[in-house]
Amino acid sequence: MTVPEWYEEVKISSKTTLVVVDMQKLFVTEKKSPWANKKLLSIVPNIEKLIRTFGTKNVVFTRFTPPINWKGEKDSWYTYYRINEDITPGRLGTEPLGIIDSFMSYISDSIVVSREKSASVFLAGSFHSKIKKKSAKILIFTGIETDYCVLSSVLDAIHLGYYVVVVTDACASSKKQGQKHAMGIFSRFPEQLWVTSTDDLIDHLKA
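Model, not experiment: these values are computed from the prediction. (Residues numbered from 1 in each chain as written. Predicted model: local features only at pLDDT ≥ 70, side-chain atom pairs only at ≥ 80, totals over all residues. Heavy atoms only, no water.)

**Observations regarding the overall build of the chain**
Then step 1. Counting its regular elements, the chain contains nine helices and six strands.
Then step 2. Its C-alpha radius of gyration of 16 Å places the chain within 12% of the 17 Å reference for a compact globule of 207 residues.
Then step 3. Projected onto the principal axes, the alpha-carbon positions of the chain cover approximately 50 × 35 × 35 Å.
Then step 4. A buried classification covers 53% of the 207 residues belonging to the chain.
Then step 5. Here the contacts in the chain between residues at least 6 apart in sequence split such that 77% fall between residues at least 24 apart.
Then step 6. Computing the positive centroid from 27 side-chain charges and the negative centroid from 22, the chain places the two 4 Å apart. (Helix = DSSP H or I, 4+ residues; strand = E, 2+ residues; numbered from the N terminus. Rg over C-alpha atoms; globule rule 2.2 N^0.38 Å. Buried < 20%, exposed > 50% of the residue type's maximum accessible area, 1.4 Å probe, protein only. Contact = heavy atoms within 4.5 Å. Lys, Arg positive; Asp, Glu negative; His and termini not counted. Charge placed at Lys NZ, Arg CZ, Asp CG, Glu CD.)

Okay, here's the thing in structure tokens:
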């Protein structure tokens, strides 16, 4: 993808926030979770590189946390949780909702936000209010899954006027073609979205 004209504004500062989307045991390491896929662990080293580069105070971790009483949900979310009841706390408990162990040493100085509904981190929970308080202008997305929660969040970020960076090798999908399909959509937003790799982004920051 073409490098956008604003890429020089991507710097280590309070105006740039690294977002780590849903790197939870539920999706990666919990043996009882039907959604867990250990292949997603492959992006952990690159996310760690970025956390160390930006500093934990410029990092936001997000969590998808299904409600304990999902039967109180309405309309399509009731259907969603009825079909996916095996990932709710009533079946798995709350431990799998936590961030994976690889990132626990970074949590204390970072922001962690949770949401019960919405693939996008913007539409539920306190994510948007937190980054507004930080006066963030540029959001750098990593995490899972590229073609679901990352994709939904990236599109909302663009619609809300943020400049967005997607770090391809710090994002992953459990679907074979998921990454490719998401990249096809990202390519439609060259004015507002920069798709890059971990090493290229770090090299840019050091230049």
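**Digging into the side chain of Lys-25**
Then step 1. Note on placement: Lys-25 falls in helix H1 (residues 25–28).
Then step 2. Among the polar contacts made by the side chain of Lys-25, one reaches the side chain of Glu-95 at a distance of 2.3 Å.
Then step 3. Setting aside chain neighbours within four positions, we find Lys-25 in contact with Glu-30, Ala-36, Glu-95, Pro-96, Gly-98, Ile-99, Ile-100 and Asp-101. (Polar contact = N/O pair within 3.5 Å; in protein donor to acceptor, adjacent residues only side chain to side chain.)

**Side note on helix H7 (residues 146–159)**
Then step 1. Listed as buried for H7 are Thr-146, Cys-149, Val-150, Leu-151, Ser-153, Val-154, Asp-156, Ala-157 and Ile-158.
Then step 2. The inward-facing, buried residues of H7 contact strand E1 (16–21), strand E3 (111–115), strand E4 (138–144), strand E5 (163–172), helix H8 (178–186) and strand E6 (193–196).
Then step 3. One or two positions beyond H7, positive phi appears at Gly-161, with a value near 95 degrees.

**Observations regarding the packing of H7 against H8**
Then step 1. One can describe the packing of H7 onto H8 by two numbers: an axis separation of 9 Å at closest approach and a directional angle of 15 degrees. Here H8 runs roughly parallel to H7, going by the angle between their axes. The hand of the H7/H8 crossing is right-handed. When H7 is examined against H8, the residues Thr-146, Asp-147, Leu-151, Val-154 and Leu-155 are found in contact with a partner set consisting of Gly-178, Gln-179, Ala-182, Met-183, Ile-185 and Phe-186. (Axes fitted to C-alpha atoms, helices over the stretch in contact; angles between N-to-C directions. Parallel < 35°, antiparallel > 145°, perpendicular 65-115°, else oblique. Left-handed = near helix turned anticlockwise from the far one by under 90°.)

**Structural notes on helix H2 (residues 44–54)**
Then step 1. Of the positions making up H2, those classed as buried are Val-44, Asn-46, Ile-47, Glu-48, Leu-50, Ile-51 and Phe-54.
Then step 2. Packed against the buried residues of H2 are E1, strand E2 (59–64), helix H5 (104–107), E4, E5 and helix H9 (198–206).
Then step 3. After H2 finishes, the residue Gly-55 shows a positive phi value of roughly 90 degrees.

**Overview of the pattern of salt bridges**
Then step 1. The full count for this structure, using the stated rule, is seven salt bridges.
Then step 2. Glu-85 is paired through a salt bridge with Arg-91; the nearest N and O atoms lie 3.4 Å apart.
Then step 3. When its relative accessible area of 22% is taken as the criterion, Glu-85 is described as partly exposed.
Then step 4. Judged by relative accessible area, which is 46%, Arg-91 ranks as partly exposed.
Then step 5. With its nearest N and O atoms 2.3 Å apart, the salt bridge here joins Asp-86 to Arg-91. (Salt bridge = Lys/Arg side-chain N within 4 Å of Asp/Glu carboxyl O.)

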